[in-house]
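So the chains spell out like this:
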Amino acid sequence: MKRQEALSIFNEYVLSEQLLKHTLAVEAGMRGYAKKFEEDVEKWSVTALLHDLDYEKYPEEHPKKGVEILQERGLSPDIIEAVKGHADYMNTPRESLMAKALYASDELASFIVACALVRPSKSFEDLKYKSVKKKIKDKAFAKGVDREILKKGAEELGLSLEEHIGNMIEFLRIREQELQSADQSLL
Ligand SMILES: [Fe+2]
């Protein structure tokens, strides 16, 4: 499946601008890591675009309902395994690098976007690891983001949290530039 097709499926289920932005931010992380690890960028992109497909319509059944939809649509088993694996309560081991990258990108992408939005520049351009680290320690900031998941995500990828954050800032910055030239934004 191509990115565009995944995006059309996403658009069938999701109206929320916020969920679209979250999804595109996770996709930015996935594209960045796919390139870094010399994996299939298109496939990793599709996985990111579909991982929260059911979140708006079926929040109680997320991601089980999404998995069903993806099965019906004939998505490949590795994509489905990664989608299952991104939710800890599904108890699906994250075996593939793609599944690990999805888990690691999911919470951190939104967290870094939140960090960028509170900067005077409201951008990724001058966002540094240090300020993200500070925000991680600030328990009142982006309370919904479980700090343990951020750590676990980096660990599973075999990276320090510092490296992972540095990579993600860079991936989001690059993707934001690409999206802006198409009149879109992660912010
Ligand atoms: Fe997500």
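No experiment lies behind these values; they were computed from the predicted model shown.

Colleague: What is the right way to read helix H6 (residues 97-117) from this model?
Modeller: Each full turn of the α-helix corresponds to 3.6 residues, which orients residues three or four apart in the same direction. Across its 21 residues, H6 extends 30 Å between first and last C-alpha, which sits within 8% of the 30 Å expected from 1.5 Å per residue. The largest bend along H6 reaches roughly 30 degrees and is located at Ser105. Counting buried positions along H6 gives 15 out of 21 residues, so the element sits mostly inside the fold.

Colleague: Can you walk me through the packing of helix H5 (residues 77-85) against H6 in this structure?
Modeller: How two helices pack is summed up by the angle between their axes together with the distance between the axes. Direction vectors running N to C along H5 and H6 enclose 35 degrees, while the axes themselves pass 9 Å from each other. Where H5 crosses over H6, the two elements pack in a sense that is right-handed. Facing H5, whose interface residues are Asp78, Ile79, Ala82, Val83 and Gly85, H6 presents Met98, Ala99, Leu102 and Tyr103.

Colleague: Any chance you could explain the coordination of the iron ion here in plain terms?
Modeller: Note on metal sites: the ideal angle is 109.5 degrees for four tetrahedral donors, and 90 or 180 degrees for six octahedral donors. Every protein donor of the iron ion is listed here as His22 (NE2), His51 (NE2), Asp52 (OD) and Asp106 (OD), and their distances to the metal cover 2.1 to 2.2 Å. Geometry at the iron ion is irregular, judged from its 4 donor atoms and the angles of 84 to 174 degrees they form at the metal. Read in sequence order, the donor residues coordinating the iron ion give the pattern H-x28-H-D-x53-D. Placement of His22 in helix H2 (residues 17-36) and of Asp106 in helix H6 is noted, with a sequence separation of 84 residues between them. Both residues of the pair, His22 and Asp106, count as buried.

Colleague: Looking at this structure, I do not really get the packing of aromatic side chains. What am I missing?
Modeller: Each aromatic ring pair is specified by the distance between its two centres and by the angle formed by the two planes. Scanning the model with the defined rule gives 4 aromatic pairs in all. Ring plane angle 15 degrees and centroid distance 5.4 Å describe the contact between Tyr33 and Phe37, whose orientation is recorded as stacked. On the basis of relative accessibility, which here comes to 0%, the residue Tyr33 falls in the buried class. Clustering of aromatic rings is evident, with ring pairs tying together Tyr33, Phe37, Trp44 and Phe171. The ring of Tyr58 has Lys65 lying over it, and the distance from NZ or CZ to the ring centre is 5.0 Å. Stacked on the ring of Phe141, the Lys or Arg Lys135 has its end atom at 5.1 Å from the ring centre.

About the cut-offs
- Residues numbered from 1 in each chain as written.
- Predicted model: local features only at pLDDT ≥ 70, side-chain atom pairs only at ≥ 80, totals over all residues.
- Heavy atoms only, no water.
- Helix = DSSP H or I, 4+ residues; strand = E, 2+ residues; numbered from the N terminus.
- Expected span 1.5 Å × (residues − 1).
- Bend = angle between axes of the 7 residues up to and from the residue.
- Buried < 20%, exposed > 50% of the residue type's maximum accessible area, 1.4 Å probe, protein only.
- Axes fitted to C-alpha atoms, helices over the stretch in contact; angles between N-to-C directions.
- Left-handed = near helix turned anticlockwise from the far one by under 90°.
- Contact = heavy atoms within 4.5 Å.
- Donors = N, O, S within 2.8 Å, 3.2 Å for Na, K, Ca; no water.
- Tetrahedral: all angles 85-135°; square planar, octahedral: opposite > 155°, others 65-115°.
- Phe/Tyr/Trp six-rings, centres within 6.5 Å; stacked < 30°, edge-to-face > 60°.
- Lys NZ or Arg CZ within 6 Å of the ring centre and 35° of its normal.

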